[in-house]
Amino acid sequence: MGFEKSFLPALPFFFLCSLLLNNGVEASHKVYVHLQSISAETVKDLHRTGYHFQPTKHWINDPNGPMYFNGVYHLFYQYNPKGAVWGNIVWAHSVSKDLINWERLEPAIFPSKPFDKYGCWSGSATVLPGNKPVILYSGIIDENKTQVQNYAVPENISDPYLVKWNKPDNNPLIVADKHVNKTAFRDPTTAWLGKDGQWRITIGSRKKEKGISLLYKSKDFMKWTKVKKPLHSVQGTGNWECPDFFPVSKHGTKELDTSVIEGDIKHVMKISLDATRYDYYTLGTYDTEKDRYIPDKDMVDGWKGLRYDYGNFYASKSFFDPAKNRRILWGWANESDPVDDDARKGWAGIQLIPRTIVLDPNGKQLLQWPVEELETLRGKKVEWSDKKLEKNDRIQIEGISAAQADVEVTFTFKSLDKAEPFDPSWDRYDAEKLCGQKGSTVQGGLGPFGLLTLASENLEEYTPVFFRIFQDKEDKYVVLMCSDASKSSLEDKENMYKPSFAGFVDVDLTDKKLSLRSLIDHSVVESFGAKGKTCITSRVYPTIAKYTHAHLYAFNNGTETIEIESLNAWSMKNPQLMNQ
Ligand code: DQQ
């Protein structure tokens, strides 16, 4: 994020830093009053994505209330119907039978009542017993952005798409009591049932610099009472947005409904930190007696902790898909270009490809992977096996559309001996800084090797996604994964955000293999390292490496020879986005 996380001893400085950040992932949505109701006259195609979800025009942010109901996937999302910057927020609504092809409907929830007159902000869906969906969302009731929690229900439950939603007059359901900060009180989760038969939800908040997820419970989903102690809180993390709380199965492949609170499970607590604009999670236990979440001992809680994605990915929300017994995660990727460009483009923001989430067999982290349905978009294919990448090699992956592709590659190497030493003075929580120093062109021992995505032929522009392996102690290795946007575009305007996003990969290198999958789509590169242990998303705006002028290469700038054991790359087709 461009500031030294290692030097954040005192909070005021932390908050000062976050306020000073001036990039694509700024704290809280910036309000551009002069732009927020200027409708896009034309919509620019350049940099629009082919197979990522985006509306025909204007601004989008958080995915809201994803659910599967009667054979249909619903995706709601924060949307500005009037302009290409944040403002005038409604819940836009799209439906799909396969999470890939979408039909766009009218906005489902929009400001119309005193309890949401100034905005319909994020929230979640719960399917109540008897197959009754209900949405909880945050309503903004005044110009000071006072927040309350409301509900909405389908007008006609037998409408297969649930097009119309009603907001009954007994709203709001929950208002902040005097102990709750009423302007940091939002984003209710999907509800789960406690052992006492009462529903529970958690809501993001803060008390001074302490991030909090408040807990509320209810017998009938209408009358909610605050549980005295929050579900979880962490000092020094600032405002928590879009919390998510759900079980994951410890063994096996079947994931679980949010109301499964006991058994062979762990719980995941995800928070979106307003100050850094990243989504962090811990694994732990839900103490159902005390109604508290307790992270596992070795978990780092807060802004040094595990992230769903080490790049541009925020305000995510998961849901249980009973059709395939899986948990699916949606995340939003903001633009990284200057806001004036968004106004000119007439659009801003995409939803990333939905990902399945499961517990890593090591029990210490989650694994994320694009939903299998994405594979139906795979077109022309290129296949390599046993190809050597010697030092300084760069080999073009030809025969597919490099601007819109899905690439899966497994790299192997004979020995770990050439791994560079990991300098103990480097900050283990700041992979991004390390990636910025040791980019894809700085020669190493074992790496850097990986892919050059959205590259121009003469490399004036490219976004490398790569690994670099360091030796820490005797037989311990540190694997750095980078998705480096610093050379992604010749455009060099002020406020064009080109970070060297990076994360470490907790992977066992005994078999001397590392895999990488990258989803490339014009202005987004979404990458999954080591089968989804570390994920990084970059938004980039090439000026030369666009459409048919984009190239894709495999490269190695380390002294150790790397072998591509297998590489499968596909051109990706456009899904159907109907009623655009
Ligand atoms: N976006 C919504 C809020 C949420 C934030 C407003 C996160 O409800 O806290 O558009 O991006």
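Parameters at a glance
- Sequence order as written defines the numbering, with residues in each chain counted from 1.
- Only residues with pLDDT of at least 70 get local features here, since the model is predicted, and only at 80 or more are side-chain atom pairs given and counted; chain-wide, interface and lining totals rely on the full set of residues.
- Each side-chain value is derived from all of the structure's non-hydrogen atoms; neither hydrogens nor water enter the calculation.
- Start and end positions for the domains come from either an automated domain assignment or a database one.
- The contact criterion used throughout is that any non-hydrogen atoms of two residues lie within 4.5 Å.
- Accessible area that two parts lose when put together, with a 1.4 Å probe and added across both, is what the buried area reports.
- Salt bridge, as applied in this entry: a Lys or Arg side-chain nitrogen positioned within 4 Å of an Asp or Glu carboxyl oxygen.
- Strands here mean DSSP runs of E at least two residues long; helices mean DSSP runs of H or I at least four residues long; both are numbered from the N terminus.
- Residue classes follow a fixed rule: Ala, Val, Leu, Ile, Met, Phe, Trp, Tyr, Cys and Pro count as nonpolar, while Asp, Glu, Lys and Arg count as charged, and any other residue, Gly among them, counts as polar.
- Three exposure classes are used, based on accessible area relative to the maximum for each residue type with a 1.4 Å probe and protein chains only: buried under 20%, partly exposed in between, and exposed over 50%.
- Pairing between strands is defined by DSSP: at least two bridges between the two strands are required.
- The axes are straight lines fitted to the C-alpha atoms, using for helices just the contacting stretch, and the angles between their N-to-C directions are given from 0 to 180°.
- Only Phe, Tyr and Trp rings take part, Trp by its six-membered ring, and two of them pair if their centres are within 6.5 Å. Stacked means planes under 30 degrees apart, edge-to-face means over 60, and tilted covers everything else.
- For this description, a residue counts as near a given molecule or strand if any of its non-hydrogen atoms is within 4 Å of it.
- Counting of polar contacts relies on pairs of N or O atoms within 3.5 Å, with two restrictions inside protein: one atom must be capable of donating a hydrogen and the other of accepting it, and residues adjacent in sequence are counted only when both atoms are side-chain atoms.
- The protein chains shown are the only cover counted for residues, whose accessible areas, like all others here, come from Shrake-Rupley with a 1.4 Å probe.

**Q** In this structure, what is going on with the domain arrangement of the chain? I would like to understand it.
**A** Interfaces are often sized by the accessible area lost when the parts come together. Each assigned domain of the chain is listed here: domain 1 (13-370) and domain 2 (376-573). Computed from C-alpha atoms alone, the centre-to-centre distance between domain 1 and domain 2 is 30 Å. At the interface, 44 residues of domain 1 touch 39 residues of domain 2. Of the roughly 3500 Å² buried between domain 1 and domain 2 on both sides combined, carbon and sulfur atoms contribute 55%. When the area that domain 1 buries against domain 2 is broken down by residue, the three leading residues are His47, Tyr51 and Tyr310, summing to 21%. Put simply, domain 1 and domain 2 have five salt bridges between them. Contributing elements (two or more residues each) for the side of domain 1 that touches domain 2: helix H2 (339-345) and strand S25 (366-370). Sort the elements by how many residues they give to the side of domain 1 that touches domain 2 and S25 lands first, with five residues. Partitioned by chemical class, the residues of the side of domain 1 that touches domain 2 number 18 nonpolar, 14 polar and 12 charged.

**Q** Where do I start with the environment of Leu519 in this structure?
**A** Tracing the chain through its elements places Leu519 in strand S34 (residues 513-521). With relative accessibility at 0%, the residue Leu519 sits in the buried group. For the pair Leu519 and Tyr51, spaced 468 residues apart in sequence, the C-alpha separation works out to 9.7 Å. For Leu519, the residues in contact, after removing those within four places along its chain, are Tyr51, Ile353, Pro370, Leu374, Ala405, Asp406, Val524, Val525, Glu526 and Phe528.

**Q** So what exactly am I meant to see when it comes to the sheet that holds strand S38 (residues 562-572) here?
**A** Whether parallel or antiparallel, the strands of a sheet pair through hydrogen bonds between backbone atoms. Reading across from one edge, S26-S38-S28-S34-S35-S36 is the order of the six strands in this open sheet, with antiparallel pairing throughout. For this open sheet the edge positions go to strand S26 (378-389) and strand S36 (534-539), each flanked by a neighbour on one side alone. Here the average twist between neighbouring strands, direction ignored, is 15 degrees. Here nine bridges tie strand S28 (residues 404-413) to S38, and the two strands are oriented antiparallel to one another. Directly across from Val409, in S38, lies its bridge partner Leu567.

**Q** Sorry, what's going on with the pairing of strand S21 (residues 326-333) here?
**A** Side chains on a regular strand alternate between the two faces of the sheet. Extensive coverage of S21 is indicated by the burial of eight of its eight residues. Alternating positions in S21 separate into two faces, Arg326, Ile328, Trp330 and Trp332 on one and Arg327, Leu329, Gly331 and Ala333 on the other, with burial throughout. Examined bridge by bridge, strand S20 (residues 314-321) and S21 share six bridges and lie antiparallel to one another. Note that in S21 the partner of Lys317 across the bridge is Trp330.

**Q** Explain the packing of aromatic side chains to me, please; I cannot follow it from the model alone.
**A** The way to describe two aromatic rings as a pair is by their centre distance and the angle between their planes. Per the stated rule, a full pass over the model turns up 32 aromatic pairs. Relative to Tyr293, the ring of Phe245 has its centre 5.8 Å away and its plane inclined at 80 degrees; by these criteria the two rings are edge-to-face. Residue Phe245 is found in strand S15 (residues 240-249), and its partner Tyr293 is found in strand S18 (residues 292-295); the two are separated by 48 residues along the sequence. An identical accessibility class is assigned to Phe245 and Tyr293; each is buried. Judged by centre distance (5.1 Å) and plane angle (90 degrees), the rings of Phe422 and Trp426 are edge-to-face. Each member of the pair, Phe422 together with Trp426, is buried. Aromatic rings pair up to connect Phe53, Tyr77, Tyr79, Trp102 and Trp330 into one cluster.

**Q** Even after reading the chapter, I still don't get the sheet that holds strand S7 (residues 147-154), so can you show me in this structure?
**A** Read from one edge to the other, the open sheet built from four strands follows the order S5-S6-S7-S8, with strand pairing classed as antiparallel. Both edges of this open sheet fall to strand S5 (120-128) and strand S8 (165-166), since each of them pairs with a single strand only. Here S5 runs beside strand S6 (residues 132-140); their pairing, made up of seven bridges, is antiparallel. Counted as the bridge partner of Gly123 is Tyr137 from S6.

**Q** Help me out: how do you make sense of the site of the ligand in this one?
**A** Around the ligand, a shell composed of 13 residues is seen, among which His29, Asp62, Gln78, Arg186 and Asp187 lie nearest. At 3.0 Å, a side-chain N or O of Asn61 approaches an oxygen atom of the ligand. Between Trp86 and the ligand, the recorded distance is 3.0 Å, taken from a side-chain N or O atom to an oxygen atom. Out of a free accessible area of 310 Å², the ligand has 100% covered by protein chains. At the level of elements, strand S1 (58-69), S5 and S20 are the ones that each hand at least two residues to the shell around the ligand. Looking at the shell around the ligand residue by residue, the classes come out as four nonpolar, four polar and five charged.

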